[in-house]
Amino acid sequence: MKKQILSFLVIFLAALSSSAQFSFVHISDLHISDAVSYVNGCDNNATKFQCYIKEFANLSPKPAFVVASGDIGNIGNQNPYGMYPMLTQYLYPGPILFPGIGDYFIDSAQTIPIYFAPGNHEYYTTLTPPATNSNLNYYPKYVSPDTDYVISTNIAVIISMRSGFDHNRPITVDPNITNPEGDGFSASQCQWLRNVLSANAGKKKIIFFHHPAVDVAGKNTDGTPFAGIILDTADGSILNNRTTFLNICDSNHVDIVLSGHVHQNVVANRQGQVVDENWPDSTRYIQTDAAINNAYRIVTVTPAFVGVSHVLISCSDVGIDQFNNSPNISVYPNPVANNLTIESLQKGTIEIVNIQGQIILQLTLQQGKNNIYVGELAKGVYILKFKNNKRQDVTRFVKE
């Protein structure tokens, strides 16, 4: 992979060869732990990570890359090594010291790179009590350089930025200590971003970092309302140059901004109004729930539009096996070319939904075997939603 220094900052351009359309996976908040230092609410020994990168590598169409928007490690500055070797043992070409941008891949063929941005947990030295170091010690040594950078294709730029460590303030100033703000962006980061966007005026524009630029209550991955406290659109966001960043997105027609941090799913506009994933009017500020909750999204980029899937659910511990089946329904063959068999334990209705969230087909499902012709569907991943008055199930299949 070709690398080139862009400016006075240590910034790299990763040149990807791509066709006129490509897709990639967005995940956030991996919270990898070593199962010794801190175990509650973490991905101990990267067990889940190992599962879902296998799933991503088997998606069809194959994603061009994966972006991970922060909280890669649960206590990223804790000795030893921030627990990052727990994650890198499952990446290719294997653990390396001081990896460059895009040096790690999720597949053994090394065709799908994974790109990282640091989150606030990267700066933690302890969680009980919480203690933060403003410098990243282990993250650049084991995961990725401590820098902003650009992934460039012939139709898009994908920009990774650092939104900073927890900016802890007195409770009289910040009454919601459960949703800490990041330090934010420096003036030089903002100017660098302007320069990158200006130089790529004719391309689709995607930015990812950890803290949401616009925060608003959404939903958990199971569909229930998010129950956490969000005081306003700046709560849990970034302190320094937040308005400047939003203005840069407006003036440069940024398509989407991807983030995590709050552990919920929501898409909003600048004013904090909840909008659809594929709302076309201006920049969409998109939060994806934590990877430890099995959530991810697929982003599809064409010369005309950046499409974003509804939240997808990975791996087996949420009732869906690693690639297809739910407890109530099974689909085969998978992948399928023309004739799909859906075998159901109950009668109900199904919806077939594409990764942009559009309902492609609705029909009644009988108990037993149901044969459906899907030969006219475009190639790709489809979500199959089953429901009746007793239960709901979700599975997926690949149209080849």
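Analysis parameters
Residues numbered from 1 in each chain as written. Predicted model: local features only at pLDDT ≥ 70, side-chain atom pairs only at ≥ 80, totals over all residues. Heavy atoms only, no water. 1 Å grid on protein atoms, 1.4 Å probe; cavity = no way out; pocket = protein on both sides within 12 Å on 5 of 7 lines; lining within 4 Å. Points joined across faces, edges and corners; volume = space filled by probe spheres on them. Helix = DSSP H or I, 4+ residues; strand = E, 2+ residues; numbered from the N terminus. Nonpolar A, V, L, I, M, F, W, Y, C, P; charged D, E, K, R; others polar. Buried < 20%, exposed > 50% of the residue type's maximum accessible area, 1.4 Å probe, protein only. Pairing = 2+ DSSP bridges.

K.L.:
Looking at this structure, how should I read the layout of surface pockets?
P.N.:
Sizing a probe to match a water molecule and rolling it over the atoms shows the empty space that remains. Counted as a void, the second largest pocket has a volume near 710 Å³. Lining the second largest pocket are 31 residues, and of these Asn 120, His 121, Tyr 124, Thr 178 and Pro 180 lie nearest its centre. Put simply, the parts of the chain that give the lining of the second largest pocket at least two residues each are strand S7 (124-127) and strand S8 (130-132). Looking at the lining of the second largest pocket residue by residue, the classes come out as 11 nonpolar, 15 polar and five charged.

K.L.:
Would you mind showing me how to read the pairing of strand S22 (residues 348-354) here?
P.N.:
Looking down a regular strand, the side chains alternate between one sheet face and the other. Counted residue by residue, S22 has six buried out of seven residues, so it is predominantly covered. Where S22 meets strand S23 (residues 359-365), six bridges bridge the pair, whose relative direction is antiparallel. Bridge pairing in S23 links Glu 351 to Gln 362. Direction of pairing for S22 relative to strand S25 (residues 380-387): antiparallel, over a ladder of six bridges.

K.L.:
Any chance you could explain empty space enclosed by the protein here in plain terms?
P.N.:
Per the counting criterion, the structure on display carries one cavity of 30 Å³ or more. Considered as a void within the structure, the largest cavity measures approximately 50 Å³ in volume. In terms of lining residues, the largest cavity is bounded by Gly 100, Ile 101, Gly 102, Asp 103, Tyr 104, Ile 114, Tyr 115, Phe 116, Val 143, Ser 144 and Tyr 149. In terms of residues, the lining of the largest cavity owes the most to one element, strand S6 (residues 114-117), which gives three residues. Residue composition of the lining of the largest cavity, by class: seven nonpolar, three polar and one charged.

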